[in-house]
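# Architecture and fold: a report
Here are the chains, one letter per residue:
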Amino acid sequence: MAEFPTDLRYLKSHEWVKQDGDVVVVGISDHAQDALGDVVYVELPEVGAECQAGDEIAVVESVKAASDIYAPVAGTVVEVNAKLEDSPELVNEAPYADGWFFKVKVSDSTAVESLLTAMQYQALCEAEEH
Amino acid sequence: MPFVPHTPNDERIMLASIGVTSIEALFDEIPQALRSGELKQTPSGISEMELLRTMNERARLDEMHLSFIGAGAYEHHIPSAVWDLVGRGEFMTAYTPYQAEASQGTLQLIYEFQTMMTRLLQMEVANASVYDGATAMAEAILMAIRANKKNKSRRVLVAGDINPAYIEACQVIVRNQGIELKVQGFNEDSGVIGLAAEPGEFAALVVSYPNYFGCLPDVDALTDWCHENGALMVGVVNPTAMALLKPPGEWGKEGADIAVGEGQPLGIPVSSGGPYLGFMCCKQAIVRQMPGRIIGRTSDVDGSDGFALTLQAREQHIRRAKATSNICTNQGLLVTAATIYLSLLGDVGLRSVAIRSHQGLQQLLRNLGSTGKIKTRFTGPCFHEAAIELPIPAKEVLPLMAEQGILGGYDLGLSFRALENCLLVNVTETKTEQDLALYGTALLNALEAKGC
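Nothing here was measured: the structure is a model prediction, and the numbers come from that model.

## Section: the overall build of chain A
From N to C terminus, chain A includes four helices and nine strands. Secondary structure of chain A in N-to-C order comes out as β-β-β-α-β-β-β-β-β-α-α-β-α. In terms of overall size, chain A behaves like a compact globule, its C-alpha atoms giving a radius of gyration of 14 Å where 130 residues would be expected to give roughly 14 Å. With the C-alpha coordinates aligned to their principal axes, the bounding extent of chain A is approximately 35 × 35 × 20 Å. A total of 130 residues make up chain A; the buried ones form 45% of that total. Contacts spanning at least 24 positions in sequence make up 61% of the contacts within chain A whose residues lie at least 6 apart.

## A few points about the sheet that holds strand S6 (residues 232-237) of chain B
All names here are of chain B. Strand order in this open sheet of seven strands is S2-S8-S7-S6-S5-S3-S4, and the pairing throughout is mixed. At either margin of the open sheet sits one strand with a lone partner, and together these are strand S2 (125-126) and strand S4 (180-184). Lying over the sheet, helix H5 (residues 104-121) contacts S2, S6, strand S7 (258-262) and strand S8 (278-282), oriented at roughly 65° with respect to S8. Those strands touched by helix H7 (residues 164-174) are strand S3 (155-159), S4, S6 and S7, and its axis lies near 160° from that of S4.

## Considering helix H8 (residues 219-228) of chain B
Residues and elements named next belong to chain B. Most of H8 is tucked away: seven of the ten residues are buried. Every buried residue of H8 is accounted for by Val219, Leu222, Thr223, Asp224, Trp225, Cys226 and His227. Of the surrounding elements, those touching the buried residues of H8 are S3, strand S5 (204-209) and S6. Downstream of H8 by a residue or two, Gly230 has a phi angle that is positive, lying close to 70°.

## Describing the layout of surface pockets
In this structure, the largest pocket spans a volume of roughly 1200 Å³. The biggest single contributor to the lining of the largest pocket is strand S4 (residues 39-43) of chain A, with four residues. Along the walls of the second largest pocket sit 38 residues, with Glu43 and Glu56 of chain A together with Arg146, Lys149 and Gln289 of chain B positioned nearest its centre. Counting residues per element, the ones that place at least two in the lining of the second largest pocket are strand S5 (50-51), strand S6 (56-62) and strand S7 (66-70) of chain A together with helix H6 (133-147) of chain B. With five residues, the top contributor of residues to the lining of the second largest pocket is H6 of chain B. A class-by-class count of the residues in the lining of the second largest pocket yields 15 nonpolar, nine polar and 14 charged.

## Things to note about the pairing of strand S12 (residues 385-389) of chain B
In summary, the side chains of a regular strand alternate between the two faces of the sheet. Residues and elements named next belong to chain B. In terms of burial, S12 is a largely internal element, four of the five residues being buried. Pairing between strand S11 (residues 375-376) and S12: two bridges, direction antiparallel. Across the sheet, the residue bridging to Lys375 is Glu389, located in S12. The pairing of S12 with strand S15 (residues 422-426) spans five bridges and is antiparallel. Residue pairing in the sheet places Glu385 in a bridge with Asn426 of S15.

Reading the values: the criteria
- Residues numbered from 1 in each chain as written.
- Chains lettered and ligands numbered in written order.
- Predicted model: local features only at pLDDT ≥ 70, side-chain atom pairs only at ≥ 80, totals over all residues.
- Heavy atoms only, no water.
- Helix = DSSP H or I, 4+ residues; strand = E, 2+ residues; numbered from the N terminus.
- Rg over C-alpha atoms; globule rule 2.2 N^0.38 Å.
- Buried < 20%, exposed > 50% of the residue type's maximum accessible area, 1.4 Å probe, protein only.
- Contact = heavy atoms within 4.5 Å.
- Pairing = 2+ DSSP bridges.
- Axes fitted to C-alpha atoms, helices over the stretch in contact; angles between N-to-C directions.
- 1 Å grid on protein atoms, 1.4 Å probe; cavity = no way out; pocket = protein on both sides within 12 Å on 5 of 7 lines; lining within 4 Å.
- Points joined across faces, edges and corners; volume = space filled by probe spheres on them.
- Nonpolar A, V, L, I, M, F, W, Y, C, P; charged D, E, K, R; others polar.

Laid out in structure tokens, this is it:
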């Protein structure tokens, strides 16, 4: 059973977002990593890259698929998880912890509030399965 | 027998099952302007007997001449074993089989090809090939734009001394993708490009080594300049030349990022322009932006060596519209020929081919220079090909040489107006001293007939 931590916000495209002041951490959900299977590569954005909400900003590649990762909010990439370069399996092992993708300094710190709650996202995933 | 296997009845059934009235209605959404229409210049079919006769007559025309034309395609000796082996049923197939469980032989062969190309070019990774040298260059440009994360520019600086046909093919491929190719002119004395005079934002620089005129640009300086300016370095190289010259992996401080070229000199005959073979190598760091198939070595459940397609998530069958390229095939049969050719020659053999070819050219240039009528057009070093300057336009001389059984070279006036008196001449190991002497005589006769 996939986990849906309630302190996070989510996107329909299966990214999770954790706000910490004006910086948000982004990764992919437990449900998403499970659906993808073994992650073999993550293409991360450049630090300093600017993004708008909805921009294709990263790519996650598993043994069976390659999926785009979308920027959840507008802002500037301030850090990327360099560990994923050599250990992409962290995305499968700890999607909400060591498997995070990148951090964005947000232009509008209230933007996160419009994203899905854990309950809304979980409902969406369950609807997808049925 | 029709080429399309569906009978009119099959077509009716298929159309009925998807609810479309006719083939025309099926393609209705394709604008008329994009349709090729009737092929008016194409004659209707002829019988096998007529075809064989026509082709035999044309083949006889070829055999009469001693060819000194290079300009991108080079006549090297091909050991008989190459095409004898390529023609075996195990290799000779219309489609390259990739199923690991059924095609270990083919996969291993492509893997060996990739290994040979990386060693020859001193690059980290190679793909299983693309269509030809020109498309390899276009794919390298698209790849460089994707791979250059530091520089978002969609402009690419292209050396003006690259084969004009390659530049044209690249223009066609990139012009509708929001990519601008800026062609940097070459120095009219040296025939090579120097460092770009105007600074600007470029995702990549594309340089040919040797260049179209056989000349050797300063690739070390160009590579360093490129990296200092946040651009990726793309080398378009002649594989035979790599046995003698500095390979792209060793250019400048960091080496070229992508290296491509035409594999035809490696065991593929010069036959009516193709099919040819594009090879493509890059640094490991940007391999995920590489188009085309890549074969990897792995081990099976019993721990034995095995070969399989790898890094497939770059490709169309997984990434669909976002794939690195619409190229999802390779020149399998020609890769087979190139691999066997390189195996038979080895590094020593390939080096002898390169040396013999270049020595032949040097001999020819000395012979021609001693006449006092013919000059080498560009200064500086070259490899197995050079532009020679005549007192009159090359196009007036070539037919007169052909009458004497010599194809004297490529008329550079066709591509560069300022070089209309120049002939691009190539010598390979296939030419003997006697052939070189015949060339000199034929050219002098032609000039004399024109009053020079």
